[in-house]
Amino acid sequence: MQRTARKNPQCINGHSSWRTRRSGSDTKELDEKSTAGKILQWTSPGMEQIGSSIWGLAVQAKEVSDLFNRQVMMRNMVQAVKDAENSNDYLGTLANSFVKGQQREVVEALGFDPTKITHQQYDDAFAMTNVIIDAPSMYGVLKKFVKDYAEAQHGIEIMQVVISGVFEV
C-alpha cells in the first residue's frame, strides 16, 4: 500500500521525513522488513516516549506540588518582604513581589522557563485563554485545526503523541 504526499509534510517534531511522505522505495523497504523489524520500528519510538514521559511526569509533579508547597510560598513571602523593606509603598511592593513569585511557580508548573516569560507575556497568555474559553466559535476553530493536523501525521507520530498524552494526564 503506497501512501501519497499530504498537504502538510511537517511531522510533529518539526521536520519532514519518510513517515509523512513515503516514496515507492521507502514503502518497499518497510515491506521488506521482517515482522520483528516492523514491530521494533513501531515500538521503539513508543518506548523512548514512555521513558521521556515518565521523567516529564516526575518533573511535572514536583512543579505542581510547588504551587501548593508552604515552604515555597514562605520563600516567596520572605523574598517579597526583602523587596518591600526599602520601598516607599511597602504593602504595594510586598503584594506585587509575592504575586510575581507565585506567577513564576505557575509558569514553571506549565513547563516553561520563567526567566524567558515576561509579565506581559503571562498576562497575554491568560487573556488568550479566556478568549478561547469564552468564545464557542474559537473552540470550534481550535478543534478543526487539531483534527486537520492529526490527519496529516503518520501513525508512528500519532502513537508518540498518544503515549505522551497518557503519561501527561
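Above this text sits the structure in question.
Residues numbered from 1 in each chain as written. Predicted model: local features only at pLDDT ≥ 70, side-chain atom pairs only at ≥ 80, totals over all residues. Heavy atoms only, no water.

## Quick notes on the overall build of the protein
Summing up its helical and strand segments, the protein has seven helices and zero strands in all. Along its sequence from the N terminus, the protein presents helices and strands in the succession α-α-α-α-α-α-α. Counting only residues that meet the buried cut, the protein has 20% of its 169 residues in that class. A separation threshold of at least 6 residues defines the contact pool for the protein, and within that pool the share at least 24 residues apart is 55%. Carbon and sulfur atoms make up 62% of the accessible area of the protein, which totals about 12,200 Å². (Helix = DSSP H or I, 4+ residues; strand = E, 2+ residues; numbered from the N terminus. Buried < 20%, exposed > 50% of the residue type's maximum accessible area, 1.4 Å probe, protein only. Contact = heavy atoms within 4.5 Å. Areas by Shrake-Rupley, 256 points an atom, 1.4 Å probe, with all protein chains shown as cover.)

## Here we look at a nonpolar patch on the surface
Judged by side-chain polarity, Met74, Met77, Val78, Val81, Tyr90 and Leu91 come together as a nonpolar surface patch covering roughly 540 Å² of accessible area. Elements with a contribution of two residues or more to the nonpolar patch: helix H3 (70-84) and helix H4 (90-109). A per-element tally of the nonpolar patch places H3 first, with four residues. Position of Met77 among the secondary structure elements: in helix H3. (Patch = residues over 30% accessible without salt bridge, like charges linked within 9 Å, V, L, I, M, F, W, Y side chains within 5 Å. Salt bridge = Lys/Arg side-chain N within 4 Å of Asp/Glu carboxyl O.)

## What about the packing of helix H5 (residues 119-134) against helix H6 (residues 136-151)?
Close contact between H5 and H6 brings their axes to 5 Å; oriented N to C, the two are set at 95 degrees. Classed by the angle they form, the pair H5 and H6 counts as roughly perpendicular. Taking contact as the criterion, the partners of Val131, Ile132 and Asp134 in H5 are, on H6, Pro136, Met138, Tyr139 and Leu142. (Axes fitted to C-alpha atoms, helices over the stretch in contact; angles between N-to-C directions. Parallel < 35°, antiparallel > 145°, perpendicular 65-115°, else oblique.)

## Here's the deal with the packing of H3 against H4
The description of two packed helices rests on the angle between their axes and on the distance between the axes. Contact geometry for H3 and H4: axes closest at 8 Å, N-to-C directions at 145 degrees. As H3 packs across H4, the resulting crossing turns out to be right-handed. Together, Val72, Met73, Arg75, Asn76, Met77, Gln79, Ala80, Val81, Asp83 and Ala84 of H3 and Tyr90, Thr93, Leu94, Ser97, Phe98, Gly101, Gln102, Arg104 and Glu105 of H4 make up the contact between the two elements. Within the contact of H3 with H4, the residues separate by chemical class into nine nonpolar, six polar and four charged. (Left-handed = near helix turned anticlockwise from the far one by under 90°. Nonpolar A, V, L, I, M, F, W, Y, C, P; charged D, E, K, R; others polar.)

## Quick word on the side chain of Glu63
Structurally, Glu63 is set in helix H2 (residues 35-68). Those residues in contact with Glu63, other than ones at most four positions away along the chain, are Glu108 and Ala109.

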